[in-house]
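Tertiary structure, described
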Amino acid sequence: MHLPSTARSNGRHRKARTPNPALRRVAVLAVTAPVTGAVLAGPSAFAADKATAKAQSTELDAAEQKIADNLNKRSQDTRLGSTLSGVVIDAKSDKVVWGHNADTALMPASNTKLATSTAALTVLGPDHRLTTKVVYGDGTFTLVGGGDRTLTTDDLDTLAKTAVAGLKNAGLTSVKVRIDDSLFPEPTLANGWNTGYYPDSIAPVRALVVDSHNVEDTSLDAGGVFAKLLTERGITVNGEVTRGVVGKGDVPVATHTSDKLSTIVKEMLKVSDNDVAESLLRLTALGAGRSATFEDGTAVVRDVLTRYGISLDKFEMYDGSGLSRATRIPAQTIADIVDLAADPRHAQTLKYIIDGLPVSGEAGATLGPEWGRFDTADSSCAVGKVKAKTGTLTGAIALSGLTKAQDGQWKVFSFIENDSTAGPSDIKDALDGLAATVNGCWA
């Protein structure tokens with residue numbers, strides 16, 4: 001478990017005065033943003049300076065004062081309603097440039113995934129891989145789930161090919177198929193969930209799934225796909241796919257390993273994958289020696305954030321994805337998590353969060369044109385200049401990330417809106433405008 005030593009906390013995350021030189025050497029936060037125009041190059045530009053920054057004045061420079069003045073006016077946009085929590089921080093000095101009810105805890109929706117990602121990368125490590133395997137015993141292939149929500153039919157076919165070769169070498173042509181998804185307990189609803197979430201918003205959280213199928217029993221579904229692949233390779237599958245656990249005498253016959261956790265986290269953040277987030281929460285709990293439940297997973301997240309020096313005042317988290325309508329997190333805390341991930345001292349572990357943030361105007365991610373983001377007269381100037389995590393639930397819309405302002409300094413921001421009566425698209429347009437204001441292109 002790669003937890004940092006407990007940092008002092010004075011209400012928000014602060015940088016250490018003397019960062020580890022070894023971490024400073026690797027403080028390059030590379031970002032790929034295939035967007036036409038002024039492409040965001042990532043916070044590597046401020047990384048070296050940030051690591052050695054001395055205490056700065058709280059006085060705002062001219063560009064920051066303009067950000068603050070404009071946000072004071074634009075945060076009153078009627079589309080944002082009356083319940084907004086927002087903050088802007090200078091990433092190098094930690095100076096608060098602007099705040100509006102920044103410590104008010106609101107429903108953050110998928111901004112919760114930032115906390116989940118921080119804990120997963122810290123506890124498991126960015127190079128961690130997930131394993132799905134096939135074992136054989138007593139005439140049965142058992143497909144064992146390892147919590148890999150990225151498993152595909154092609155991956156299962158590779159497992160089937162290896163397993164069938166071994167079976168035929170032994171002179172056998174028939175087998176039973178069983179699935180073992182006991183790594184995670186039987187699915188339950190998180191506090192703040194309802195059964196209406198199944199299966200469109202999320203599937204019941206199990207340790208085995210193929211092709212991101214959102215069905216009631218992803219494990220038996222994956223077992224059925226595996227059985228079909230065996231049949232296509234000339235093996236007779238006896239009976240129905242069953243659920244069980246690996247026997248003591250079972251022997252491994254095939255193994256598949258996932259991409260690195262860092263890659264999984266980046267993709268999860270870009271598309272805001274709820275199912276992956278919930279699997280990561282359980283794997284993080286297991287990695288910390290706890291049980292794979294909502295309760296233990298979120299407890300580990302709180303422990304990790306505390307050890308990094310993030311204030312958990314008013315922090316209430318009940319799942320890994322942000323679907324819970326009971327979760328409450330202030331914009332200040334979300335901004336501090338982004339600020340932490342951009343801190344070069346933690347680049348080896350957390351830079352993948354920054355890498356995974358959607359880029360304004362980037363197709364294939366949640367800030368892309370297909371989602372109608374950054375396409376208004378006020379915000380289109382910021383295409384390619386903002387990296388931010390989106391969040392959307394009924395009655396809750398959030399946008400948190402970073403951008404390089406007109407003073408040449410990176411600014412971390414978080415805006416969380418709850419209960420506006422405006423349409424979701426209108427609210428998102430207003431939040432995009434706030435991000436463009438922080439960048440300064442909407443002057």
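Keep in mind that this is a model prediction, so the values were computed, not measured.

Moving on to the overall build of the protein. Helices and strands together make up the secondary structure of the protein, namely 12 helices and 13 strands. The burial tally for the protein puts 55% of its 443 residues in the buried class. Counting contacts in the protein only where the partners sit at least 6 residues apart, residues at least 24 apart contribute 73% of the total.

All right, on to unusual backbone geometry then. With omega at -10°, the peptide bond leading from Tyr 198 into Pro 199 counts as cis. Positionally, Pro 199 belongs in the loop between β6 (174-180) and α6 (218-232). The backbone of Asp 211 sits at a positive phi, close to 55°, despite the residue not being glycine. With a phi close to 70°, Lys 314 is a non-glycine residue in the positive phi region.

The strand order across the open sheet built from five strands is β2-β1-β13-β12-β11, with neighbouring strands paired in antiparallel fashion. Whereas interior strands pair on both sides, the edge strands pair on one side only; in this sheet they are β2 (96-100) and β11 (386-393). Strand-to-strand, the axes of this sheet are offset by a mean angle of 5°, without reference to chain direction. The sheet contact formed by strand β12 (residues 396-404) and strand β13 (residues 410-418) spans nine bridges and is antiparallel. The partner of Ser 400 across the bridge, within β13, is Ser 414. Sheet contacts for helix α3 (residues 62-74): β1 (84-90), β2 and β13; angle to β2, the most-contacted strand, approximately 10°.

A pair of packed helices is characterised by two quantities: the angle between their axes and the separation of those axes. Relative to each other, α3 and helix α12 (residues 424-439) sit at 165°, their axes nearing to 9 Å. Between α3 and α12, the crossing angle belongs to the class labelled roughly antiparallel. Between α3 and α12 lies a crossing of right-handed hand. In this structure, α3 contributes Ile 67, Asn 70, Leu 71 and Arg 74 to the contact, and α12 contributes Leu 434, Thr 437 and Val 438. Residues that form the contact of α3 with α12 fall into these classes: four nonpolar, two polar and one charged.

In this section: the packing of helix α10 (residues 331-341) against helix α11 (residues 347-356). At their nearest, the axes of α10 and α11 sit 8 Å apart, and the two run at 115° to each other. Here α10 contributes Val 338, Leu 340 and Ala 341 to the contact with α11, which in turn contributes Leu 350, Lys 351, Ile 353 and Ile 354. Of the residues assigned to the contact of α10 with α11, the class counts are six nonpolar, no polar and one charged.

It is worth spelling out helix α8 (residues 274-287) at this point. Think of an α-helix as turning once every 3.6 residues; residues three or four places apart then point the same way. A rise of 1.5 Å per residue sets the reference length of α8, with its 14 residues, at 20 Å; its end C-alpha atoms lie 20 Å apart and thus fit the reference within 8%. Burial analysis of α8 places 12 of its 14 residues in the buried class, which makes it a mostly covered element. Contacts made by the buried residues of α8 are with α4 (112-124), α7 (261-271) and α9 (294-307). Of the residues flanking the start of α8, the one acting as N-cap is Asp 273, its side-chain oxygen 3.0 Å from the backbone nitrogen of Asp 275. Just downstream of α8, Gly 289 is the residue with a positive phi angle, here 80°.

Within this structure, the stated rule accounts for 20 salt bridges. Between Glu 64 and Lys 95 there is a salt bridge, with the nearest N and O atoms lying 2.8 Å from each other. With a gap of 31 residues between them, Glu 64 in helix α3 and Lys 95 in the loop between β1 and β2 connect regions that are remote in the sequence. Of the two residues examined, Glu 64 and Lys 95, each falls in the buried class. Between Asp 217 and Arg 206 there is a salt bridge, and its shortest N-O distance comes to 3.6 Å. With Asp 217 in the loop between β6 and α6 and Arg 206 in the loop between β6 and α6, this pair connects stretches of sequence that are 11 residues apart.

For the rest of this paragraph, the subject is the state of the cysteines. In this structure the tally under the stated criterion is one disulfide. The disulfide that involves Cys 381 links it to Cys 441, with 2.2 Å between the sulfurs. Taking the torsion about the S-S bond as the criterion, the Cys 381 to Cys 441 disulfide, at about 65°, is right-handed. Here Cys 441 lies in the segment after α12 and Cys 381 lies in the loop between α11 and β11, a separation of 60 residues in the sequence. Looking at Cys 381, the relative accessible area reads 26%, which means it is partly exposed.

What follows deals with the side chain of Lys 389. Tracing the chain through its elements places Lys 389 in strand β11. No salt bridge is formed by the buried Lys 389; its nearest oppositely charged neighbour, Asp 273, is found at 11 Å. Not counting chain neighbours up to four residues away, the residues in contact with Lys 389 comprise Ser 110, Asn 111, Lys 113, Leu 114, Leu 269, Ser 272, Leu 357, Pro 358, Ala 398, Leu 399 and Ser 400.

Ranked by size, the top nonpolar core spans 65 residues in total, and within it Leu 114, Trp 193 and Leu 280 carry the most contacts. Residues contacting Trp 193, with those up to four places away along its chain left out, are Tyr 198, Ile 202, Val 205, Glu 278, Phe 294, Asp 319, Ser 321, Leu 323 and Ser 324.

What follows covers the packing of aromatic side chains. According to the stated counting rule, one finds six aromatic pairs in the structure shown. On the basis of an interplanar angle of 70° and a centroid distance of 5.5 Å, the ring pair of Tyr 136 and Phe 141 is categorised as edge-to-face. Overall, the relative accessible area of 22% leaves Tyr 136 in the partly exposed class. Through a chain of ring-to-ring contacts, the aromatic side chains of Trp 98, Phe 413 and Phe 415 assemble into a single cluster.

What follows concerns the pairing of β12. Most of β12 is tucked away, with eight of its nine residues classed as buried. Sheet analysis places β11 next to β12, joined by eight bridges and oriented antiparallel. Bridging from a neighbouring strand, Val 386 pairs with Thr 403 of β12. Connecting the antiparallel pair β11 and β12 is a turn made up of two residues, with Gly 395 showing a positive phi of about 85°. Connecting β12 to the antiparallel partner β13 that follows it, the hairpin turn spans five residues, and Gly 408 within it adopts a positive phi of roughly 80°.

Cut-offs applied
- Residues numbered from 1 in each chain as written.
- Predicted model: local features only at pLDDT ≥ 70, side-chain atom pairs only at ≥ 80, totals over all residues.
- Heavy atoms only, no water.
- Helix = DSSP H or I, 4+ residues; strand = E, 2+ residues; numbered from the N terminus.
- Buried < 20%, exposed > 50% of the residue type's maximum accessible area, 1.4 Å probe, protein only.
- Contact = heavy atoms within 4.5 Å.
- Pairing = 2+ DSSP bridges.
- Axes fitted to C-alpha atoms, helices over the stretch in contact; angles between N-to-C directions.
- Parallel < 35°, antiparallel > 145°, perpendicular 65-115°, else oblique.
- Left-handed = near helix turned anticlockwise from the far one by under 90°.
- Nonpolar A, V, L, I, M, F, W, Y, C, P; charged D, E, K, R; others polar.
- Expected span 1.5 Å × (residues − 1).
- Polar contact = N/O pair within 3.5 Å; in protein donor to acceptor, adjacent residues only side chain to side chain.
- Salt bridge = Lys/Arg side-chain N within 4 Å of Asp/Glu carboxyl O.
- Disulfide = S-S within 2.5 Å.
- Lys, Arg positive; Asp, Glu negative; His and termini not counted.
- Core = buried A, V, L, I, M, F, W, Y, C linked by side-chain atoms within 4.5 Å.
- Phe/Tyr/Trp six-rings, centres within 6.5 Å; stacked < 30°, edge-to-face > 60°.

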